[in-house]
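# Descriptive structure summary
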2 protein chains.
Amino acid sequence: MEPFEVHILGCGSALPTTRHNASTQIVRIGNRQFMIDCGEGTQLQLRKSHVHFSFIDHIFISHLHGDHCFGLIGLISSFGLLGRKTPLHIYAPSPMEELMLPQLEFFCKELAYKVHFHTIDPSKNSVIYEDKVITVETLPQKHRIPCCGFLFKEKPKPRHLKGDVIEFYRIPHYMRKAIKEGADFTTPEGNIIPNRNLTSDADPSRSYAYCSDTLPCPQNIPLIEGCNLLYHEATFADDMKERAAYTHHSTARQAATIAKEANAKGLVIGHFSSRYTDETQLLDEARSIFPETWLADEKKCFIVT
Amino acid sequence: MEPFEVHILGCGSALPTTRHNASTQIVRIGNRQFMIDCGEGTQLQLRKSHVHFSFIDHIFISHLHGDHCFGLIGLISSFGLLGRKTPLHIYAPSPMEELMLPQLEFFCKELAYKVHFHTIDPSKNSVIYEDKVITVETLPQKHRIPCCGFLFKEKPKPRHLKGDVIEFYRIPHYMRKAIKEGADFTTPEGNIIPNRNLTSDADPSRSYAYCSDTLPCPQNIPLIEGCNLLYHEATFADDMKERAAYTHHSTARQAATIAKEANAKGLVIGHFSSRYTDETQLLDEARSIFPETWLADEKKCFIVT
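A brief report on the enclosed structure follows. These figures come from a predicted structure and were not determined experimentally.

Residue and element names in this part refer to chain A. Strand order in this open sheet of seven strands is E7-E8-E9-E14-E15-E16-E17, and the pairing throughout is mixed. The sheet is open, and its two edges are formed by strand E7 (127–130) and strand E17 (293–295), each paired on a single side. Put simply, the sheet's adjacent strands are angled 20° from each other on average, direction ignored. As paired strands, strand E8 (residues 134–140) and strand E9 (residues 148–154) are joined by seven bridges and run antiparallel to one another. Following the sheet pairing, Thr135 is matched in E9 by Lys153. In the packing of helix H10 (residues 280–289) onto the sheet, the strands contacted are strand E16 (267–270) and E17, and the crossing angle to E17 comes to about 170°.

Before going further, it helps to examine helix H2 (residues 72–81) of chain B. All names here are of chain B. Within H2, nine of the ten residues are buried, which leaves it mostly tucked inside the rest of the structure. Taken residue by residue, H2 has Leu72, Ile73, Gly74, Leu75, Ile76, Ser77, Ser78, Phe79 and Gly80 as its buried positions. Of the surrounding secondary structure, the elements contacted by the buried residues of H2 are helix H1 (42–49), strand E5 (88–92), helix H3 (96–107) and strand E6 (115–119). Note on H2: the residue one or two positions beyond its end, Gly83, has a positive phi of about 85°.

Below, the discussion takes up the packing of helix H3 (residues 96–107) of chain A against H3 of chain B. In contact at an axis separation of 10 Å, H3 of chain A and H3 of chain B are set at 155° when each is read in the N-to-C sense. The pairing of H3 of chain A with H3 of chain B is recorded here as roughly antiparallel in orientation. In this structure, H3 of chain A crosses over H3 of chain B, and the sense of that crossing is left-handed. The residues of H3 of chain B that touch H3 of chain A, namely those facing Leu99, Pro102, Gln103 and Phe106 of chain A, are Leu99, Pro102, Gln103 and Phe106 of chain B. Along the lines of polarity and charge, the residues of the contact of H3 of chain A with H3 of chain B split into six nonpolar, two polar and no charged.

Attention now moves to the packing of helix H2 (residues 72–81) of chain A against H3 of chain A. Residues and elements named next belong to chain A. In the contact formed by H2 and H3, the axes pass within 11 Å of each other and the chain directions differ by 35°. H2 and H3 meet at a crossing whose hand is right-handed. Residues Leu72, Ile73, Ile76 and Ser77 of H2 pack against Met100, Gln103, Leu104 and Phe107 of H3. Here the contact of H2 with H3 is composed, by residue class, of six nonpolar, two polar and no charged.

Conventions used here
Residues numbered from 1 in each chain as written. Chains lettered and ligands numbered in written order. Predicted model: local features only at pLDDT ≥ 70, side-chain atom pairs only at ≥ 80, totals over all residues. Pairing = 2+ DSSP bridges. Helix = DSSP H or I, 4+ residues; strand = E, 2+ residues; numbered from the N terminus. Axes fitted to C-alpha atoms, helices over the stretch in contact; angles between N-to-C directions. Contact = placed C-beta atoms within 7 Å. Buried ≥ 20, exposed ≤ 12 C-beta atoms within 10 Å, placed from the backbone. Parallel < 35°, antiparallel > 145°, perpendicular 65-115°, else oblique. Left-handed = near helix turned anticlockwise from the far one by under 90°. Nonpolar A, V, L, I, M, F, W, Y, C, P; charged D, E, K, R; others polar.

Shown next as structure tokens:
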């Protein structure tokens, strides 16, 4: 199976600390790399992570709070200095483009590549990106300002050919694509060989859901049902649930409850308040509800499996 | 003497590396802290350096290239989250204010403190800041866009009272300030005690000059003559002097020559090109001209003495 990984470049909240940067992630699927959010210092963190700058063509911004987008201008500028030629696509709620254009015009006059802004509607669930392999959907969130999460889903994959059977029937190359997609094979003698004899099951399609910043959103559970990995913000522990509700954030317990109800296969919690100098309390709390929970960290990469 | 120190928060050039951040410094004089330039990630670096956020009231921006100012919006925003009440003054060439205002209006609507922009003219030498203890002057630089350095100068200091002599003549407190400033003392009997008998020499006034980004500017030498510490950019080694000239930067040799001709007491070189994975070549080159040279580094604090 192709790699499907989530590299955490930042998992702190509004105030950076010596332990955590502002929110940024890289989702790697095969040789594609997508960025989610782009907090200040993202380009520095990219350098440290050794993620290859030039493979990032699509950046998804969840909402326009500074800790999720102040790194964009520096990143765009450095891409230019590094000689980038391929277009960069930024998907973000309004008015991202309006805010960025005057800065780009002043600071990035000589870019040799195009920056395309795609305004997304964070209030509804829709597919905002699609290629041969994956789709990316918005997940409406409940925050103080318009905000959405993102669901990365692999498309259904072709079935695997059984090499020896294909060989035995001398099935020509041009027919194999159709067989991978489920077609039967008719021999020159007119015998029908059913697909199940020719192929084995396709690899399962994996999915990754990113939910930050938000109050718990049970209405999204059908959308993320069975996802292989869920990143859910857990800014606070449950003893601060009033503060979480007031600031439109979630607690570790609430994040774990969403993961459990959505039958997620794994949960990563992040967006930690700067008040925690150690997130053990958050981890213990989440694991008491959903044992397959891990803490996000700038040094970690999670495998979507 | 009061402390007078320069904390390096960033000394890389346009492209950040794993070793160096974009340009930022803190000049500490007594209990005042002034910031020079504010590259992306400054607030993160401040956290690491344990410099106290709330004592920074004045920020001086040399020029509007991103690596010298992209950290402003995040810093201003975090000051707000930290409950800052005291005004913040930003001194920068035009159009800094025009570029920042739409961002401040959108991202920092609820700031409980005022941000004052002071537009400076980088093409001439003038005093742009003054308090009881110091002045800050612009130093015109030669860069691709309008740019200036900054000269921090302590004002002349009062002479030291000779405690035992003051005691002997029972000089009342209200007269001591004038004596510190050079006045003689007349005894009740009418005898004049000359100031030199009552006081010893004042501490020398120290100065720190920051020159980045720039071609060598010999015309500034009279302005920085005898400065206690000179920070001068040395983006390249001298074998790249054509590239330095083309990009309007200096080489280590050129920086050292300026320090030598200005009779500086010490030189710190910085703004290193990302091509150097070790700056020994730059240091050796500068020291061959001006032995009292040191390399800037994010872990270093230089004493102005």
